[in-house]
Amino acid sequence: TYALSGDGKRLWVMLDNPNEKELANRMQLWSMNVDGGDAKQATFSWPEKGQRAIVRHIHTTYDGSSAWIYMGFNFAGGVPDSYFLLQKVTPGGKAQIIAENTKIKGDISGAEQRITADGRSMFVVTYEGLMRFDDNGTHHLVLARKDVKYNNVHLANDNLGGLGQLVISDDGSRYALHAWFQGPRPKAPQTILFGSPKGVQHIPLNNGDGTFGTLH
């Protein structure tokens, strides 16, 4: 698992030392220049529930000065993580725990994640809707799934609850999502959902003849 900074100069990478039996010692997080110089190891936490969690995603800023680590494990089996741990770390530093879903209401999979340009916030598509996590430890729903309708039709119930393909502006004030709604497939309504300080609007995708399924 790795992440490259937006300027292409710094790399964050999770390394596996097979000589270590304990996963907490075996997995090491490093940041370095792309030529291998200025390598710095950062420390991070493993879940209290055990060390079976997997580092699923690493996200870093444009200059690589910080990174967010998403660790998840499904103890029950199935698709969404029944446990996740979200942390933020700087080169050579100790990770700060931002959130864990044992303390958050709702089923959160974290499949779609984006961080702001300053690295202060992460947006996550969840089964509750679009959630924002800030590095001061707070979080809130930016867009509740239950409130999203198009032509009086609610979001579909499959996948991530009808929301996916998240993009955000640098400061996080604007976002766009692919939204798909209840109806007979493959002709169910689909839109590009655009959110801004002025509210939410839909750019409809006419799929009346069912020529496409979902966006990629």
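The structure this text deals with has already been given above.
Read on for an overview of the structure. (Residues numbered from 1 in each chain as written. Predicted model: local features only at pLDDT ≥ 70, side-chain atom pairs only at ≥ 80, totals over all residues. Heavy atoms only, no water.)

A few points about the sheet that holds strand S17 (residues 190–196)
Okay, so step 1: What the four strands build is an open sheet, ordered S15-S16-S17-S18; its pairing is antiparallel. Bordering the open sheet on either side are strand S15 (163–168) and strand S18 (199–205), each of which pairs with just one other strand. Recorded for the sheet is a direction-independent mean angle of 20 degrees between the axes of neighbouring strands.
Okay, so step 2: Of the pairings in the sheet, the one linking S17 to S18 comprises seven bridges and is antiparallel in character. Looking across to S18, one finds that Thr 191 is bridged to Pro 204. (Pairing = 2+ DSSP bridges. Helix = DSSP H or I, 4+ residues; strand = E, 2+ residues; numbered from the N terminus. Axes fitted to C-alpha atoms, helices over the stretch in contact; angles between N-to-C directions.)

Looking at the layout of surface pockets
Okay, so step 1: Quantified by volume, the largest pocket comes out at close to 180 Å³.
Okay, so step 2: Taken together, 15 residues line the largest pocket, and the ones lying closest to its centre are Thr 60, Arg 114, Ile 115, Thr 116 and Ala 117.
Okay, so step 3: With three residues, the single largest contributor to the lining of the largest pocket is strand S9 (residues 112–115).
Okay, so step 4: Considered class by class, the residues forming the lining of the largest pocket number five nonpolar, eight polar and two charged. (1 Å grid on protein atoms, 1.4 Å probe; cavity = no way out; pocket = protein on both sides within 12 Å on 5 of 7 lines; lining within 4 Å. Points joined across faces, edges and corners; volume = space filled by probe spheres on them. Nonpolar A, V, L, I, M, F, W, Y, C, P; charged D, E, K, R; others polar.)

Details of the pairing of strand S5 (residues 54–60)
Okay, so step 1: Here S5 pairs with strand S6 (residues 67–73) via six bridges, running antiparallel. In the strand pairing of S6, Val 55 is matched with Met 71.
Okay, so step 2: Taken together, S5 and the strand that follows it, S6, pair antiparallel across an intervening segment of six residues, in which Gly 64 is found at a positive phi of about 75 degrees.

Side note on the packing of aromatic side chains
Okay, so step 1: For the structure on display, the rule yields four aromatic pairs.
Okay, so step 2: Ring plane angle 50 degrees and centroid distance 5.5 Å describe the contact between Phe 44 and Trp 46, whose orientation is recorded as tilted.
Okay, so step 3: Relative to Phe 84, the ring of Tyr 70 lies with its centre 5.3 Å away and its plane at 25 degrees, an arrangement referred to as stacked. One end of the pair, Tyr 70, is in strand S6; the other, Phe 84, is in strand S7 (residues 83–89), and 14 residues separate them in sequence.
Okay, so step 4: Through pairs of rings, three or more aromatic residues link up here, namely Tyr 70, Phe 84 and Phe 133. (Phe/Tyr/Trp six-rings, centres within 6.5 Å; stacked < 30°, edge-to-face > 60°.)

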